[in-house]
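Single-letter residue listing:
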Amino acid sequence: MDMSYTPEQIAFRDEVRAWIAKALPEHLRCKAENGGHFELEEILEWHKILAAKGWAAPHWPQEVGGTGWDVAQRHIFGEELVRANAPTLSPFGLTMVGPLIIQFGTDEQKKRFLPKILSGDEIWCQGYSEPNAGSDLASLQLRADKEGDDYILNGQKTWTTYAQHADWIFVLARTSPTAKPQEGISFLLADIRNTPGIEVKPFLTTGGTPAFSETWFDNARIPQANRVGPENKGWTMAKALLGHERTSIGGVADSARWLGVIRRIARDARMGGKPLMEDAAFRRRLAKIEIRYRTVGMANMRTLAAAQLGHAPGPESSILKIVGTELQQEATELAMDALGHNALGWFDSPTDAMPEYQLWLASNFNYLRAATIYGGSNEIQKNIISKMILGLPQA
Amino acid sequence: MNFELTEEQTMMADAVKKFVVNASPVTRFRALRGTEVGWDRKAWATMGEQGWLAVAFPEAHGGYGGGFIDNALILEQLGHSLVPEPYIPSVVLAGGLISRLGNTAQIETFLAPMLEGRTSLALAYAEKQSRYDLADCETTATKSGGSYVLRGTKVWVLNGHAADAIVVVARTSGASRDRGGLSLFLVDGDAPGLRRLRVHGMDGQSTALLEFAGVEVGADRLLGNEGSALEALEWAIDRGAAAACAEAQGQLSELFTRTIDYIKQRRQFGRPIGAFQVLQHRAADMFAEVELCKGMMILAALQVENADADTRKAAISSAKVQLQTGGWLVQESAVQLFGGIAITDEQDIGLFFKRVRVLQGLFGDADYHVDRYQSLPSFEGEAA
Ligand SMILES: Cc1cc2nc3c(=O)[nH]c(=O)nc-3n(C[C@H](O)[C@H](O)[C@H](O)COP(=O)(O)OP(=O)(O)OC[C@H]3O[C@@H](n4cnc5c(N)ncnc54)[C@H](O)[C@@H]3O)c2cc1C
């Protein structure tokens, strides 16, 4: 056993680190460091820099624009991005629909969609959830009725993050109303801007950002050629994708960034006339959360090391979404507590009232409550573990 | 980055597992509980013959040149059935110190026979008032002519009641709690002036209270340099902590799998209780914490050998905290999910629960290690 990187991996890390340091625009770095909310144009600015370098989709196969890096190199790259305070790219194209098209799409679909996902020229959003289909996603009701070479879509999606900015949406729709819930679902791609009958209504999150949308479909006509994979097999494909989403949602590297933010606050903030960082009770709280971070990080490393050897994800990988998101939330809770009453402001206040890192904290604290809800809520994760891994009986 | 076992390690762990299953089920521990020695010299000799005691020591000392991870893998297996032989005090604590500090004669006299399973050792460091502060040592060693005279009392000396020789921490200079002035001495178990009081642990294992009423040892029994033992002692106790994580992993794994099996078959309200979601989620939490403990057990075993003491301490403290926080969730959930039967002495669950709690309380508890973690220089800087 060996926990260290090889000399080659260290050389790779240094190369990546040096490149990011040069390539990442200062205004983006600064904003990320302060936990600021990125506008889509800002994310795209970084996306295009990465794309030009060929590093936008390291996890894609090389023949469609991936880097050919192994698991460890991808992990190192991801860590370096967070460490350098780079903005996180939108996952809907690069990590969600992209891999699905790569795996299940036709050659035409690959040619049509992949290059523009890679370049950032087309923005995607995810249309899974509906008002009455959240955790119980298989009960979704969006209808896709066949007519000629088309599907006619009727119904509503919700929580569609960034639908208002998107060019395309991937949806799960019911193509066979008679079959068992999981069996009548297909995976469809819709041009969200140019399809008559699709309407997007953005609304605010508690983070104060317009991240959410309702997406309405009223006799929206899309070609059957935009179905990925066989008809009525969308559920199985989507589930494969959710598995992918879960490991990346744990966000261990993001927690590391939060620990940095907390230290910065604690050196600045005062307690009894001294820096909070000198307060014994606070130090113990910070130590505890950092120890938890190391503990979750170790599980993450074991998962990676196994993947590096080509092993199927071990049991420890299924817990990462749960413990990783809880850790992120705990970190923002501690950051809030560390700032005391100075944490209670909102980001639209004047910057001379509060330094920028204080400005955004409350927004992040509020928004990150979502981490234990989306991507399969943590309760759903526990249901999955108890049934699929522990083999406990159904109620 | 690689967490795979080598072929030799897999073979060794399998051999220990076979021994545990065939020769040392929990019933053997039950039979030995409360007996004079509390463990079996024949079993100890077998472990010596198999090379399990010597595996991690340098070849020059009669070992096989392995790493601490080998100790950890063995301890994890032993933990599965509460094997009571004194692996931690003898191999990990005293053995480690003798190998690190001993001269040729000391290694030949004290370490070599132990590695073969012919003798056993102990480390006497804790005192009634010391809690987990290793420098809080009131036992003294006074130089008189060519020898030292030891006075004082040590508590919770694992295997202190049965050890052939005991490594004793005593103050040769300085005031109690000074970091300097501590020395180590090799004292025979039957030395005149040494009174050994067998103390029963809540886990059914024996420890000892040792009274040194003017025990005289020659200068050849000084282990390492006079007055500068603290660093080595900290290292040894960190090894103990890593060993506690490893042994407890075996017990946590038993607590977890036995609980899952139990809630699948125990029926109430016309169904297996494992069908109740509130218990399923608790089971999922147990699963998560067992996995997290496993990762930290590995981290501890690897980093206990790190030459940088602060890196070592940060890792060991992290692992020990997880053992007591995550581990606690596992052990208390196991008892809760078994219900009343878990409180009976015949059920093994209680035995595992108690042993884990003892291991949590040895070598620094969670509060101690959180405190030590925040006192390391690296804590001031960027996130680890
Ligand atoms: C910030 C954010 C962004 C999102 N972005 C998108 C997006 O882009 N596209 C998209 O399609 N969706 C998106 N979602 C939706 C997300 O996937 C759903 O919120 C999630 O699946 C949970 O569904 P729900 O909100 O309807 O909650 P519900 O399913 O109603 O759950 C409510 C509560 O009940 C619990 N619960 C439900 N069922 C069970 C059960 N069987 N056992 C135990 N507990 C249960 C849940 O854990 C939760 O605590 C987003 C959500 C958030 C918060």
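Keep in mind it's a predicted model, so treat the numbers as computed, not measured. (Residues numbered from 1 in each chain as written. Chains lettered and ligands numbered in written order. Predicted model: local features only at pLDDT ≥ 70, side-chain atom pairs only at ≥ 80, totals over all residues. Heavy atoms only, no water.)

Some thoughts on the overall build of chain A
Move 1: Helix and strand counts for chain A come out as 13 helices and 10 strands.
Move 2: Whereas a compact globule of 395 residues would reach a radius of gyration of roughly 21 Å, chain A reaches 22 Å, a difference of no more than 12%.
Move 3: The dimensions of chain A, computed from C-alpha atoms along their principal axes, are 75 × 50 × 50 Å.
Move 4: By the burial criterion, 53% of the 395 residues in chain A qualify as buried.
Move 5: Intrachain contacts of chain A at a sequence separation of at least 6 include 70% that bridge at least 24 residues.
Move 6: Within chain A, the 46 negative side-chain charges are centred at a point lying 5 Å from the centre of the 42 positive side-chain charges. (Helix = DSSP H or I, 4+ residues; strand = E, 2+ residues; numbered from the N terminus. Rg over C-alpha atoms; globule rule 2.2 N^0.38 Å. Buried < 20%, exposed > 50% of the residue type's maximum accessible area, 1.4 Å probe, protein only. Contact = heavy atoms within 4.5 Å. Lys, Arg positive; Asp, Glu negative; His and termini not counted. Charge placed at Lys NZ, Arg CZ, Asp CG, Glu CD.)

Some remarks on the domain arrangement of chain B
In many reports, interface size means the accessible area that the parts give up when they come together.
Residue and element names in this part refer to chain B.
Move 1: Domain annotation of chain B identifies domain 1 (7–119), domain 2 (124–227) and domain 3 (231–383).
Move 2: Computed from C-alpha coordinates alone, the two centres of domain 1 and domain 3 are separated by 22 Å.
Move 3: The junction of domain 1 with domain 3 conceals about 2,300 Å² of combined surface from both sides, 66% of it contributed by carbon and sulfur atoms.
Move 4: Between the two partners, domain 1 and domain 3, sit four salt bridges. (Domains from an automatic or database assignment. Buried area = accessible area lost by both parts, 1.4 Å probe. Salt bridge = Lys/Arg side-chain N within 4 Å of Asp/Glu carboxyl O.)

Some points on the domain arrangement of chain A
Residue and element names in this part refer to chain A.
Move 1: Segmenting chain A into domains produces domain 1 (7–89), domain 2 (124–237) and domain 3 (250–388).
Move 2: Taking only C-alpha atoms into account, the centre of domain 2 sits 32 Å from that of domain 3.
Move 3: Facing the five residues of domain 2 at the interface are seven residues of domain 3.
Move 4: Considering only the side of domain 2, the residues that lose the most area to domain 3 are S135, T206 and G207, jointly responsible for 62% of the buried surface there.
Move 5: One can count zero salt bridges joining domain 2 with domain 3.
Move 6: Joining domain 2 to domain 3, the criterion identifies one residue pair in polar contact (both at pLDDT 80 or more). (Polar contact = N/O pair within 3.5 Å; in protein donor to acceptor, adjacent residues only side chain to side chain.)

Observations regarding the site of the ligand
Move 1: With respect to spatial proximity, 19 residues lie near the ligand, and among them Q126, S135, T161, S377 and E379 of chain A are the closest.
Move 2: Around the ligand, the nearby residues trace back to chains A and B.
Move 3: One of the backbone N or O atoms of S129 of chain A is found 2.7 Å from an oxygen atom in the ligand.
Move 4: The side chain of Q277 of chain B places a nitrogen or oxygen atom 2.7 Å from a nitrogen atom of the ligand.
Move 5: When the ligand sits alone it has 960 Å² of accessible area, and the protein chains cover 69% of it.
Move 6: Its residues assigned to classes, the shell around the ligand shows nine nonpolar, nine polar and one charged. (Near = heavy atom within 4 Å. Areas by Shrake-Rupley, 256 points an atom, 1.4 Å probe, with all protein chains shown as cover. Nonpolar A, V, L, I, M, F, W, Y, C, P; charged D, E, K, R; others polar.)

Thoughts on unusual backbone geometry
Move 1: Its identity is not glycine, yet N219 of chain A carries a phi of approximately 50°, on the positive side.
Move 2: Within the secondary structure layout, N219 of chain A lies in strand β7 (residues 212–223).

Looking at the pairing of strand β1 (residues 124–127) of chain A
All names here are of chain A.
Move 1: Alternating residues of β1 divide into W124 and Q126 and C125 and G127, and every residue in both groups is buried.
Move 2: Where β1 lies against strand β4 (residues 168–174), four bridges are found, and the strand directions are parallel. Across the sheet, residue C125 finds its bridge partner in β4, namely I169. (Pairing = 2+ DSSP bridges.)

Topic: the nonpolar core
Move 1: Within the largest apolar cluster, 162 residues are counted, with the highest numbers of intra-cluster contacts made by Y87 and F363 of chain B.
Move 2: Residue contributions to this core peak at 19 residues, all from helix α7 (residues 230–265) of chain B.
Move 3: Residues contacting F363 of chain B, with those up to four places away along its chain left out, are I88, L93, Y125, Y132, L158, I237, G240, A241, A244, K320 and H369 of chain B.
Move 4: One finds L24, W46, F77 and I185 of chain A within the second-largest nonpolar core, a separate group that totals 49 residues. (Core = buried A, V, L, I, M, F, W, Y, C linked by side-chain atoms within 4.5 Å.)

A look at helix α6 (residues 107–119) of chain A
Residue and element names in this part refer to chain A.
Move 1: Along its 13 residues, α6 runs 18 Å from first to last C-alpha, staying within 8% of the 18 Å computed at 1.5 Å per residue.
Move 2: Taking the largest bend as the criterion, α6 deviates by roughly 30°, centred on F113, and proline P115 comes between one and four positions later.
Move 3: Along α6, the positions that sit buried rather than exposed are Q109, F113, L114, I117 and L118.
Move 4: Residues of α6 that are buried sit in contact with α3 (40–53), α5 (91–104), β1, β4, β5 (185–191) and β8 (227–228).
Move 5: Looking one or two residues past α6, G120 carries a phi angle of roughly 85°, positive in sign. (Expected span 1.5 Å × (residues − 1). Bend = angle between axes of the 7 residues up to and from the residue.)

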